[in-house]
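# Notes for the structure review
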Amino acid sequence: MKEFTPQIPIYSGYDATTTAEDVIKGIDLKGKIAIITGGYSGIGLETTRVLANAGATVIVPVRTLEKGREALKDLPNVELDTMDLMDPASIDAFAERFLETNRSLHMLINSAGIMAPPLRRDARGYESQFSTNHLGHFQLTARLWPALKQANGARVVAVSSRGHRLGGVDFDDPNFEHKKYDKWKGYAQSKTANILFALELDKRGKEDGVRAFSVHPGLIPDTNLGRDLSKEEFGPKPILDEDGKPVSNEQPAEFKTIAQGAATSVWCAVSPQLNGLGGVYCEDVDIAKAVPEDSLDPAGVRPWAINPCFAKRLWKLSEAYTGVSFAI
C-alpha cells in the first residue's frame, strides 16, 4: 500500500467527455452496497442509476420520500430512507437504521450539496453551505464508519467543485458571524472543506481499507444545484486580481452533460485504476494536477485545499462543531 498518493494525473485514458456509463463498462457490482446522498437528482441520480444497473444495492437518503420515489421509481436495487444533512439527529437516525441491518458499506458517495444561497443557518447557527456540504457529510461518514470498515475495501467520494479556487476555509470565522456574508466565499469554503476532508479521511482510514477521494464533476447547467442563482449568476466565475479586476473568466465555458458530470464520481467509487490510491482531488476522470495559488488556470487543485496541516485542523474543528468523532 502506498503511503502517499501524488496529486498528479495518472493518464487514465478518459477525459472530459467520458460518461459514467463508459467508466462502469465491464464492472459487476453485485453484492456491493452504496449510499449516495443527493442520489435522486442531477449527477447524484445518474450515479445511482449507473451503480444500480451494474448490480449494486444503492441506498438513497432523501428529505421527502415522495420526491425520491418519483425520481427513482424505474430503477432496480434502490432503497429509500429519510435524512436531512442540516439536522444532526436525522443523520444519526439514518445511520443507525443502516447499521442495524449489519451490512457492509462498500461505497459512500457524498454528492448532495447547495450552492450560493442567501444567508441561512441551521438550528446550531452554522452557515448552511458549511453545514450541508461539509459538516453533515462529516457526521454521516463518522456514523457509518463501522460499516465502511467492515467492507474490507471501501471508498468514500466527496463531491467538491472547481469553485474551491475562490477561497479556502476561514478557520477563525467559518460561519460568517464576524464578517459580512459572501455566498461565493461560503461555497468555496465548503468545497475546499470537502477536499481537505477526503485528504485527512484517507490518511486515517487506509489502514482499515477505506480510501477517500474528492471530485470536481464539471460545469453542468442541467441540475438544480444553482436553484438560488439568477441566470446571470450561473456559470464560470472570474478570477480576480488584488485590485478586484477580472484576469480570467474561464470563457468559453465548457459545460458537461449530467452523464459526463457523474463520470468522475463513479470512477473514484469503482475503478480498479485507483486501487491502492487515495486522498486526491480528481476531475475529468483522472487525478487532477496541483497548481500554484496564483494560477489563472481554472483546472487543477489549489494549495489551500491539499495542505495536510489545514486538513488536520479542519478535522478537529469538525469534531468540535458536530460533537462527533470517528472510531478509527
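What comes next concerns the included structure. Since this is a predicted model, take the numbers as computed values, not measurements.

This part is about the packing of aromatic side chains. Within the structure shown, the criterion is met by 12 aromatic pairs. When the ring of F138 is compared with that of F197, the centres are 5.5 Å apart and the planes differ by 55°; the resulting orientation is tilted. Of this pair, F138 sits in helix α5 (residues 128-143) while F197 sits in helix α7 (residues 183-205); the two residues are 59 residues apart in sequence, bridging distant segments of the chain. We note that F138, like F197, is buried. By way of ring pairs, the aromatic residues F138, W145, F197, W315 and F326 are connected into one cluster. Taking NZ or CZ as reference, K179 lies 4.3 Å from the ring centre of F176, over its face.

Once that is clear, we can look at α5. Of all the bends in α5, the greatest, near 35°, is centred on L135. For α5, the tally of buried residues reaches 15 of 16 residues, placing the bulk of the element in the interior. The opening residue of α5 is E127, an N-cap whose side-chain oxygen sits 2.9 Å from the backbone nitrogen of Q129.

Before going further, it helps to spend a moment on empty space enclosed by the protein. A full pass over the atoms with the stated rule returns 1 cavity of 30 Å³ or more. Here the largest cavity is characterised by a volume of approximately 30 Å³. As for the largest cavity, its lining consists of N110, N133, H137, A158, V159, N194 and F197. Mapped onto the lining of the largest cavity, the elements with two or more residues apiece are α5, β5 (154-159) and α7. By residue class, the composition of the lining of the largest cavity is 3 nonpolar, 4 polar and no charged.

Across the 6 residues of β5, 6 count as buried, placing the element largely inside the fold. Neither face of β5 is exposed, since A154, V156 and A158 on one face and R155, V157 and V159 on the opposite face are all buried. Bridge count for strand β4 (residues 107-110) against β5 is 4 bridges, and the pairing is parallel. In the sheet register, I109 faces β5, and the bridge partner there is V157. Relative to strand β6 (residues 210-216), β5 is paired through 6 bridges, and the arrangement is parallel. Residue R155 lies in a different strand from β6, and its bridge partner there is R211. You can see the chain leave β5, run along α7 and come back into β6, and the turn it takes is right-handed.

Cut-offs used in this document
Residues numbered from 1 in each chain as written. Predicted model: local features only at pLDDT ≥ 70, side-chain atom pairs only at ≥ 80, totals over all residues. Heavy atoms only, no water. Phe/Tyr/Trp six-rings, centres within 6.5 Å; stacked < 30°, edge-to-face > 60°. Helix = DSSP H or I, 4+ residues; strand = E, 2+ residues; numbered from the N terminus. Buried < 20%, exposed > 50% of the residue type's maximum accessible area, 1.4 Å probe, protein only. Lys NZ or Arg CZ within 6 Å of the ring centre and 35° of its normal. Bend = angle between axes of the 7 residues up to and from the residue. Polar contact = N/O pair within 3.5 Å; in protein donor to acceptor, adjacent residues only side chain to side chain. 1 Å grid on protein atoms, 1.4 Å probe; cavity = no way out; pocket = protein on both sides within 12 Å on 5 of 7 lines; lining within 4 Å. Points joined across faces, edges and corners; volume = space filled by probe spheres on them. Nonpolar A, V, L, I, M, F, W, Y, C, P; charged D, E, K, R; others polar. Pairing = 2+ DSSP bridges. Right-handed = clockwise from strand over helix to strand, strands pointing away.

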